[in-house]
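Descriptive analysis of the structure
This is what each chain is made of:
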Amino acid sequence: MTDPLDLMNPVDPPDSVRCVLFDFDGPVCALFRNHPAPGVAGRLLDWLPAGVRRRVRAEDGGPVTDPQVILRAVGELDPGSALVSELEARLTEEEVLATESAVPSGRAAELIRALSDAGVVLAVTTNNSPRAVRRYLERTGLADCFGSHIHGRTHDPHDPRRLKPHPDCLARALASTGAAAGESVMIGDAVADFLAAKQLGIRFLGYATRESKSEVLYEVGARVVVEELPGDVRELAALTDQLSRDGRLP
(Lines give C-alpha, C1' and ligand atoms only; values in the text may rest on other atoms or scores of the structure.)
Protein backbone atom coordinates (compact mmCIF):
# COMPACT_ATOMS: atom_id res chain seq x y z
CA MET A 1 0.00 0.00 0.00
CA THR A 2 1.30 3.45 -0.90
CA ASP A 3 2.26 5.66 2.02
CA PRO A 4 0.32 8.94 1.65
CA LEU A 5 3.47 10.89 2.39
CA ASP A 6 5.07 9.42 -0.75
CA LEU A 7 2.80 11.83 -2.65
CA MET A 8 4.62 14.87 -1.33
CA ASN A 9 6.73 15.52 -4.43
CA PRO A 10 5.35 18.62 -6.19
CA VAL A 11 4.31 18.32 -9.83
CA ASP A 12 3.44 20.91 -12.43
CA PRO A 13 -0.28 21.69 -12.18
CA PRO A 14 -2.43 20.99 -15.23
CA ASP A 15 -5.22 23.31 -16.32
CA SER A 16 -7.96 21.04 -14.97
CA VAL A 17 -8.97 20.67 -11.33
CA ARG A 18 -9.87 17.13 -10.38
CA CYS A 19 -9.92 17.52 -6.60
CA VAL A 20 -10.63 20.39 -4.19
CA LEU A 21 -9.52 20.19 -0.57
CA PHE A 22 -11.40 22.35 1.91
CA ASP A 23 -10.18 23.43 5.28
CA PHE A 24 -13.20 23.16 7.57
CA ASP A 25 -13.40 25.99 10.12
CA GLY A 26 -13.43 29.07 7.93
CA PRO A 27 -13.94 28.00 4.30
CA VAL A 28 -16.87 25.65 5.06
CA CYS A 29 -18.34 27.22 8.19
CA ALA A 30 -17.66 29.47 11.15
CA LEU A 31 -17.46 26.59 13.61
CA PHE A 32 -17.16 28.60 16.80
CA ARG A 33 -19.33 31.59 15.86
CA ASN A 34 -21.95 30.75 18.51
CA HIS A 35 -19.80 28.48 20.67
CA PRO A 36 -16.80 30.77 21.11
CA ALA A 37 -13.32 29.30 20.90
CA PRO A 38 -12.00 31.35 23.85
CA GLY A 39 -14.64 29.74 26.07
CA VAL A 40 -13.65 26.29 24.82
CA ALA A 41 -10.01 27.09 25.49
CA GLY A 42 -10.84 28.29 28.98
CA ARG A 43 -12.71 25.08 29.84
CA LEU A 44 -9.87 22.94 28.54
CA LEU A 45 -7.33 24.92 30.54
CA ASP A 46 -9.43 24.68 33.69
CA TRP A 47 -9.56 20.90 33.29
CA LEU A 48 -5.80 20.51 32.91
CA PRO A 49 -3.62 19.89 35.98
CA ALA A 50 -2.31 23.17 37.35
CA GLY A 51 1.30 22.31 36.59
CA VAL A 52 0.53 21.59 32.95
CA ARG A 53 -1.77 24.60 32.66
CA ARG A 54 1.01 26.96 33.74
CA ARG A 55 3.21 25.67 30.94
CA VAL A 56 0.71 26.27 28.15
CA ARG A 57 1.39 29.65 26.57
CA ALA A 58 0.28 31.46 23.45
CA GLU A 59 3.05 32.36 20.99
CA ASP A 60 2.78 36.03 21.90
CA GLY A 61 2.69 35.28 25.62
CA GLY A 62 -0.90 36.47 25.96
CA PRO A 63 -4.00 34.54 27.02
CA VAL A 64 -4.55 31.24 25.22
CA THR A 65 -7.80 31.53 23.29
CA ASP A 66 -7.26 28.86 20.62
CA PRO A 67 -8.11 25.27 21.66
CA GLN A 68 -5.75 23.91 18.99
CA VAL A 69 -2.85 25.73 20.66
CA ILE A 70 -3.64 23.92 23.91
CA LEU A 71 -3.81 20.50 22.28
CA ARG A 72 -0.57 21.04 20.40
CA ALA A 73 1.22 22.38 23.48
CA VAL A 74 0.14 19.56 25.78
CA GLY A 75 0.97 17.02 23.10
CA GLU A 76 4.50 18.37 22.96
CA LEU A 77 4.83 18.48 26.76
CA ASP A 78 3.54 14.95 27.38
CA PRO A 79 3.49 13.05 24.07
CA GLY A 80 1.62 9.76 23.91
CA SER A 81 0.02 10.22 27.32
CA ALA A 82 -3.47 9.48 28.58
CA LEU A 83 -3.71 13.19 29.39
CA VAL A 84 -3.35 14.12 25.72
CA SER A 85 -5.86 11.47 24.69
CA GLU A 86 -8.46 12.75 27.16
CA LEU A 87 -7.77 16.35 26.20
CA GLU A 88 -8.34 15.52 22.53
CA ALA A 89 -11.58 13.73 23.41
CA ARG A 90 -12.81 16.76 25.35
CA LEU A 91 -11.92 19.07 22.48
CA THR A 92 -13.78 16.77 20.10
CA GLU A 93 -16.92 16.97 22.25
CA GLU A 94 -16.68 20.78 22.24
CA GLU A 95 -16.29 20.82 18.45
CA VAL A 96 -19.24 18.47 17.97
CA LEU A 97 -21.36 20.72 20.18
CA ALA A 98 -20.20 23.75 18.20
CA THR A 99 -21.44 22.21 14.94
CA GLU A 100 -25.04 22.54 16.13
CA SER A 101 -24.82 26.33 15.95
CA ALA A 102 -22.06 26.72 13.36
CA VAL A 103 -22.75 29.31 10.65
CA PRO A 104 -22.17 28.37 6.97
CA SER A 105 -19.53 30.45 5.23
CA GLY A 106 -20.89 32.61 2.43
CA ARG A 107 -21.47 30.62 -0.78
CA ALA A 108 -19.64 27.57 0.65
CA ALA A 109 -22.60 25.23 0.29
CA GLU A 110 -23.31 26.58 -3.20
CA LEU A 111 -19.73 25.97 -4.30
CA ILE A 112 -19.55 22.52 -2.72
CA ARG A 113 -22.72 21.34 -4.43
CA ALA A 114 -21.68 22.83 -7.79
CA LEU A 115 -18.29 21.10 -7.67
CA SER A 116 -19.83 17.80 -6.62
CA ASP A 117 -22.42 17.99 -9.42
CA ALA A 118 -19.62 18.66 -11.89
CA GLY A 119 -17.81 15.50 -10.83
CA VAL A 120 -14.98 17.20 -8.93
CA VAL A 121 -13.78 15.07 -6.02
CA LEU A 122 -14.03 16.89 -2.69
CA ALA A 123 -12.23 16.33 0.58
CA VAL A 124 -11.95 18.06 3.95
CA THR A 125 -8.44 18.54 5.32
CA THR A 126 -8.54 20.00 8.82
CA ASN A 127 -7.03 20.06 12.28
CA ASN A 128 -10.55 19.62 13.68
CA SER A 129 -12.06 16.28 14.59
CA PRO A 130 -13.45 14.32 11.62
CA ARG A 131 -16.38 13.43 13.87
CA ALA A 132 -17.31 17.12 14.14
CA VAL A 133 -16.88 17.64 10.41
CA ARG A 134 -19.15 14.69 9.64
CA ARG A 135 -21.79 15.95 12.07
CA TYR A 136 -21.85 19.39 10.45
CA LEU A 137 -21.98 18.03 6.90
CA GLU A 138 -24.84 15.69 7.80
CA ARG A 139 -26.76 18.50 9.49
CA THR A 140 -26.43 20.74 6.44
CA GLY A 141 -27.04 18.07 3.79
CA LEU A 142 -23.50 18.19 2.37
CA ALA A 143 -22.19 14.82 3.56
CA ASP A 144 -22.79 13.06 0.23
CA CYS A 145 -20.64 15.64 -1.54
CA PHE A 146 -17.57 14.50 0.40
CA GLY A 147 -18.29 10.81 1.00
CA SER A 148 -15.52 9.24 3.02
CA HIS A 149 -12.96 11.93 2.20
CA ILE A 150 -12.86 13.66 5.59
CA HIS A 151 -9.35 13.95 6.96
CA GLY A 152 -8.84 15.59 10.33
CA ARG A 153 -7.11 14.70 13.55
CA THR A 154 -6.25 11.02 13.44
CA HIS A 155 -7.22 8.40 15.97
CA ASP A 156 -3.70 8.80 17.34
CA PRO A 157 -3.82 12.40 18.59
CA HIS A 158 -0.62 12.06 20.62
CA ASP A 159 1.67 13.54 17.97
CA PRO A 160 0.90 17.23 17.38
CA ARG A 161 3.56 17.28 14.69
CA ARG A 162 0.98 15.72 12.36
CA LEU A 163 -1.36 18.72 12.59
CA LYS A 164 -1.12 21.36 9.88
CA PRO A 165 1.22 22.92 8.83
CA HIS A 166 2.41 19.31 8.56
CA PRO A 167 0.86 18.03 5.31
CA ASP A 168 -0.32 14.71 6.76
CA CYS A 169 -4.08 15.26 6.37
CA LEU A 170 -3.62 16.62 2.85
CA ALA A 171 -1.48 13.64 1.88
CA ARG A 172 -4.14 11.29 3.26
CA ALA A 173 -6.75 13.13 1.20
CA LEU A 174 -4.75 12.71 -2.00
CA ALA A 175 -4.28 9.02 -1.26
CA SER A 176 -7.97 8.47 -0.57
CA THR A 177 -9.19 10.36 -3.64
CA GLY A 178 -6.51 9.11 -6.01
CA ALA A 179 -5.89 12.69 -7.14
CA ALA A 180 -2.44 14.02 -7.91
CA ALA A 181 -1.17 17.13 -6.17
CA GLY A 182 -0.94 19.03 -9.45
CA GLU A 183 -4.61 18.49 -10.30
CA SER A 184 -5.78 19.59 -6.86
CA VAL A 185 -6.52 22.89 -5.15
CA MET A 186 -6.78 23.63 -1.45
CA ILE A 187 -9.07 26.33 -0.09
CA GLY A 188 -7.86 27.53 3.30
CA ASP A 189 -7.87 30.57 5.55
CA ALA A 190 -4.73 30.08 7.64
CA VAL A 191 -0.97 30.18 7.21
CA ALA A 192 -0.84 26.54 8.30
CA ASP A 193 -3.12 25.62 5.37
CA PHE A 194 -0.88 27.43 2.90
CA LEU A 195 2.30 25.85 4.24
CA ALA A 196 0.82 22.34 4.18
CA ALA A 197 -0.37 22.78 0.59
CA LYS A 198 2.96 24.25 -0.48
CA GLN A 199 4.87 21.23 0.79
CA LEU A 200 2.82 18.95 -1.45
CA GLY A 201 2.80 21.21 -4.49
CA ILE A 202 -0.96 21.79 -4.23
CA ARG A 203 -2.28 25.11 -5.49
CA PHE A 204 -3.69 27.22 -2.67
CA LEU A 205 -6.68 29.54 -2.81
CA GLY A 206 -6.76 31.77 0.24
CA TYR A 207 -10.05 32.78 1.85
CA ALA A 208 -10.07 35.75 4.19
CA THR A 209 -12.99 37.92 5.21
CA ARG A 210 -10.73 40.38 7.03
CA GLU A 211 -8.01 42.44 5.40
CA SER A 212 -5.57 41.62 8.18
CA LYS A 213 -5.86 37.88 7.48
CA SER A 214 -5.55 38.48 3.76
CA GLU A 215 -2.34 40.45 4.29
CA VAL A 216 -0.85 37.67 6.40
CA LEU A 217 -1.58 35.07 3.72
CA TYR A 218 -0.01 37.24 1.02
CA GLU A 219 3.02 37.82 3.24
CA VAL A 220 3.76 34.09 3.50
CA GLY A 221 3.45 33.63 -0.26
CA ALA A 222 -0.20 33.05 -1.19
CA ARG A 223 -0.88 34.26 -4.73
CA VAL A 224 -4.66 34.60 -4.66
CA VAL A 225 -6.79 35.44 -1.63
CA VAL A 226 -10.53 36.12 -1.93
CA GLU A 227 -12.96 37.60 0.57
CA GLU A 228 -15.87 35.69 -0.96
CA LEU A 229 -15.79 32.09 -2.15
CA PRO A 230 -16.48 31.45 -5.83
CA GLY A 231 -20.08 30.43 -6.38
CA ASP A 232 -19.63 27.93 -9.19
CA VAL A 233 -17.13 25.84 -11.11
CA ARG A 234 -16.46 28.53 -13.72
CA GLU A 235 -15.45 31.09 -11.08
CA LEU A 236 -13.20 28.58 -9.35
CA ALA A 237 -11.59 27.64 -12.67
CA ALA A 238 -10.78 31.30 -13.33
CA LEU A 239 -9.15 31.63 -9.92
CA THR A 240 -7.14 28.42 -10.27
CA ASP A 241 -5.94 29.63 -13.65
CA GLN A 242 -4.46 32.59 -11.80
CA LEU A 243 -2.83 30.17 -9.37
CA SER A 244 -1.11 28.38 -12.24
CA ARG A 245 0.64 31.58 -13.29
CA ASP A 246 2.89 34.08 -11.56
CA GLY A 247 1.33 37.06 -9.87
CA ARG A 248 -1.85 37.84 -8.00
CA LEU A 249 -5.30 38.92 -8.95
CA PRO A 250 -5.54 42.63 -9.55
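Here the structure is a predicted model, which is why all the values come from computation and not from measurement. (Residues numbered from 1 in each chain as written. Predicted model: local features only at pLDDT ≥ 70, side-chain atom pairs only at ≥ 80, totals over all residues. Heavy atoms only, no water.)

1. Comments concerning the packing of helix α1 (residues 37–47) against helix α4 (residues 82–99)
In a pair of packed helices, the angle between the axes and the distance between the axes together describe the arrangement. Between α1 and α4, the shortest axis-to-axis distance is 11 Å and the interhelical angle comes to 150°. In terms of axis orientation, α1 runs roughly antiparallel to α4. The element α1 and its partner α4 pack so that their crossing is right-handed. Along the contact surface, α1 presents Val40, Arg43, Leu44 and Trp47, while α4 presents Leu83, Glu86, Leu87, Arg90, Leu91 and Glu94. The class makeup of the residues in the contact of α1 with α4 is 6 nonpolar, no polar and 4 charged. (Axes fitted to C-alpha atoms, helices over the stretch in contact; angles between N-to-C directions. Helix = DSSP H or I, 4+ residues; strand = E, 2+ residues; numbered from the N terminus. Parallel < 35°, antiparallel > 145°, perpendicular 65-115°, else oblique. Left-handed = near helix turned anticlockwise from the far one by under 90°. Contact = heavy atoms within 4.5 Å. Nonpolar A, V, L, I, M, F, W, Y, C, P; charged D, E, K, R; others polar.)

2. Some points on the confidence of the model for the protein
Per-residue confidence for the protein averages 90 on the pLDDT scale, and 90% of its residues sit at or above 70. Contacts from residues 6–15, a stretch scored under 50 in pLDDT, to residues over four places away or in other chains number 22 contacts. Confidence drops under pLDDT 50 across residues 246–250; counting only partners more than four residues distant or on other chains, this segment forms 11 contacts. (pLDDT = per-residue confidence, 0-100.)

3. A few points about the nonpolar core
If you look at the biggest cluster of nonpolar residues, it comprises 52 residues, and the most contacted ones within it are Phe22, Leu48, Ile70, Val74, Leu122, Leu137 and Leu205. Beyond its immediate stretch of four places on either side in the chain, Phe22 contacts Pro27, Val28, Leu111, Ile112, Leu115, Leu122, Ala123, Val124, Thr125, Phe146 and Ile187. Counting 22 residues, the second-largest nonpolar core is a separate cluster that includes Leu21, Ala171, Phe194 and Phe204. (Core = buried A, V, L, I, M, F, W, Y, C linked by side-chain atoms within 4.5 Å. Buried < 20%, exposed > 50% of the residue type's maximum accessible area, 1.4 Å probe, protein only.)

4. Here's the deal with unusual backbone geometry
Look at the link from Lys164 to Pro165: it is a cis peptide, with omega at 25°. By secondary structure assignment, the location of Pro165 is in the loop between β5 (150–151) and α8 (168–177). A positive phi is found at Arg107, a non-glycine position, where the angle reads about 65°. Position of Arg107 among the secondary structure elements: in the loop between β3 (103–104) and α5 (108–117).

5. Brief notes about the packing of aromatic side chains
Considering all chains together, one arrives at 3 aromatic pairs under this definition. With 6.0 Å between their ring centres and 80° between their planes, Phe22 and Phe146 make a pair best called edge-to-face. In this pair, Phe22 is assigned in strand β1 (residues 19–22) and Phe146 in helix α7 (residues 143–146), connecting sequence segments 124 residues apart. Ring geometry for Phe194 and Phe204: centres 5.5 Å apart, planes at 75°, overall edge-to-face. One end of the pair, Phe194, is in helix α9 (residues 191–200); the other, Phe204, is in strand β7 (residues 203–207), and 10 residues separate them in sequence. Of the two residues examined, Phe194 and Phe204, each falls in the buried class. (Phe/Tyr/Trp six-rings, centres within 6.5 Å; stacked < 30°, edge-to-face > 60°.)

6. Some remarks on the layout of surface pockets
Using a probe with the size of a water molecule, rolled over the atoms, empty space left in the structure can be pinpointed. Quantified by volume, the largest pocket comes out at close to 1,200 Å³. Around the largest pocket, the lining is made up of 40 residues, and of these Asp66, Gln68, Val69, Ala190 and Ala192 lie nearest the centre. At the level of secondary structure, the elements contributing two or more residues to the lining of the largest pocket comprise α1, α3 (67–77), α4, α9 and α10 (211–220). The greatest single-element share of the lining of the largest pocket, amounting to 6 residues, is contributed by α3. (1 Å grid on protein atoms, 1.4 Å probe; cavity = no way out; pocket = protein on both sides within 12 Å on 5 of 7 lines; lining within 4 Å. Points joined across faces, edges and corners; volume = space filled by probe spheres on them.)

7. Some thoughts on the packing of α4 against helix α6 (residues 130–139)
One can describe the packing of α4 onto α6 by two numbers: an axis separation of 8 Å at closest approach and a directional angle of 10°. In terms of orientation, α4 and α6 fall into the roughly parallel class. Only Arg131, Ala132, Arg135, Tyr136 and Arg139 of α6 make contact with α4, whose side of the interface consists of Thr92, Glu93, Glu95, Val96 and Thr99. Classifying every residue of the contact of α4 with α6 by side-chain character gives 3 nonpolar, 2 polar and 5 charged.

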